[in-house]
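One-letter residues, chain by chain:
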Amino acid sequence: MPFSDFHGNAETVHTLREILAYDHFPHALILSGPAGSGKFTISQMVAKAMNCLERPMTDGLPDFCGHCANCVRIAQADALEDRFAEAVEARENLRDTDKKETRIFVQTHPDVMIIPPDPPQMLVKVDQVRHVIHEIYFKPVEGRERVYIFSDADFMKEAANSLLKILEEPPEFATIFLLTDNPTALLPTIRSRCMHLRLSPLSPPEVENYLAEVRPELKPRERSLVARICGGGLGRARSFDLAAYVAARQDALTVLGPAMGSKDHSDLFRATDTYRAGADGKAKTEYLIRTLYSLLEDMLFLRSGTPELVRNQDIQAELARMAAGVDFEWIVNATQRLGELESGMRRNLLRSLALDTFATALEH
Ligand SMILES: [Zn+2]
């Protein structure tokens, strides 16, 4: 799995490899970019290249072998979501007193530590940063560089202040990665002490190429749809459940049916009746609401003469018919009502009833 396996953002990858070629990698690096642009993947690749025992070169720049002891152990954290879930579960199984004092880390190699946001608040906590301070000044054990990856650099205030202490006096042999989709949320004093590289979202054709490799079972038409729905996020595209999406979209179209002139409401009631109480019903309803938003947005693109932005291109003809039957004001009003529906759901209203009310309120 060398650098050439990274999809998109070729210039940023090249820059990172050039910096690797000089022996002084920055002590702290902000990698910003939208979800799925590969911030974590590329940080892991850099961690491997720093510590690879074989240190291969490709195109005259440092790479990593992917099979030496260090590469293999670092790669065990590539599936970060799985490792994170294991760490959270391990904490759940502790005695209550220990649970309170245990923070979440993912570490599969002694010199590479991943610091995910700590649940339930999903923020980096001061105890996590203190743990980093405690060990970052020790020399690497089995590699050449210690690497600390804050996989979602969203800090509690005290944690951010602690991090600043490390950034003011970083050890020679350590690199801190701060991954974020919103770099402006970081303290200016942190930003000013870090080098900053940006990853852009991938274009739909880039995502389609990637999908052709990793999900060959998808037809070209389906790949194109997934690429557009996922908005350039590779991670999301890789695991995107197309069947579930198409089912939710069918329900969303049914909910919009009355507004589009359908007089018989039996389809509507049959569809909304499947949105029940409980956690499953909650997730299903949230997904339906997100899908409704995306349909309304596509209708807006069609009305405003920017059809190239439509995401649900496979049903564009149907969406165009729907868009032609309403005006701009209707779309704005529907979006507002959808927002009300969404906040109502949080107060746990009867879901199917709320959906029926939403659907019929949009009738002309
Ligand atoms: Zn290696």
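Residues numbered from 1 in each chain as written. Predicted model: local features only at pLDDT ≥ 70, side-chain atom pairs only at ≥ 80, totals over all residues. Heavy atoms only, no water.

(A) Region of the structure containing the environment of Arg303. Here Arg303 is to be found in helix H14 (residues 278-303). Residues Arg303 and Met322 lie 19 residues apart in sequence; the distance between their C-alpha atoms is 9.9 Å. What Arg303 contacts, discounting residues up to four positions off in sequence, is Ala323, Ala324, Val326, Asp327, Phe328 and Ile331. (Helix = DSSP H or I, 4+ residues; strand = E, 2+ residues; numbered from the N terminus. Contact = heavy atoms within 4.5 Å.)

(B) Geometry of helix H9 (residues 204-214). Among the residues of H9, Val207, Tyr210 and Leu211 are the ones counted as buried. What you see down the axis of H9 is that its buried residues fit within an arc of 100°, all on one side. Exposed residues pointing more than 90 degrees away from the buried face of H9 are listed as Asn209 and Glu213. Tucked inside the fold, the buried residues of H9 contact helix H10 (220-229) and helix H11 (234-239). (Buried < 20%, exposed > 50% of the residue type's maximum accessible area, 1.4 Å probe, protein only. Arc of directions from axis to C-beta.)

(C) The arrangement of the nonpolar core in detail. With 33 residues, the main nonpolar core has Phe3, Phe25, Ile42, Val46 and Phe177 as its most contacted residues. At the level of secondary structure, the elements contributing two or more residues to this core comprise helix H1 (10-21), strand S1 (28-32), helix H2 (39-51), helix H3 (69-75), strand S5 (112-115), strand S6 (146-150) and strand S7 (174-180). Top contributing element to this core by residue count: H2, with seven residues. (Core = buried A, V, L, I, M, F, W, Y, C linked by side-chain atoms within 4.5 Å.)

(D) The packing of helix H12 (residues 242-256) against H14, seen in detail. Between H12 and H14, whose axes approach to 9 Å, the crossing angle comes to 70°. One finds that H12 runs roughly perpendicular with respect to H14. As for how H12 packs across H14, the hand of that crossing is right-handed. Taking contact as the criterion, the partners of Ala244, Tyr245, Ala248, Arg249, Asp251, Ala252, Leu253, Val255 and Leu256 in H12 are, on H14, Tyr287, Leu288, Thr291, Leu292, Ser294 and Leu295. Class assignment for the residues of the contact of H12 with H14 results in eleven nonpolar, two polar and two charged. (Axes fitted to C-alpha atoms, helices over the stretch in contact; angles between N-to-C directions. Parallel < 35°, antiparallel > 145°, perpendicular 65-115°, else oblique. Left-handed = near helix turned anticlockwise from the far one by under 90°. Nonpolar A, V, L, I, M, F, W, Y, C, P; charged D, E, K, R; others polar.)

(E) Spotlight on the layout of surface pockets. The space that makes up the largest pocket amounts to roughly 1,400 Å³. Lining the largest pocket are 39 residues, with Phe40, Thr41, Glu81, Gly235 and Arg238 sitting closest to its centre. At the level of secondary structure, the elements contributing two or more residues to the lining of the largest pocket comprise H2, helix H4 (80-92), S7, H9 and H11. Top contributing element to the lining of the largest pocket by residue count: H2, with six residues. Residues that form the lining of the largest pocket fall into these classes: 16 nonpolar, twelve polar and eleven charged. (1 Å grid on protein atoms, 1.4 Å probe; cavity = no way out; pocket = protein on both sides within 12 Å on 5 of 7 lines; lining within 4 Å. Points joined across faces, edges and corners; volume = space filled by probe spheres on them.)

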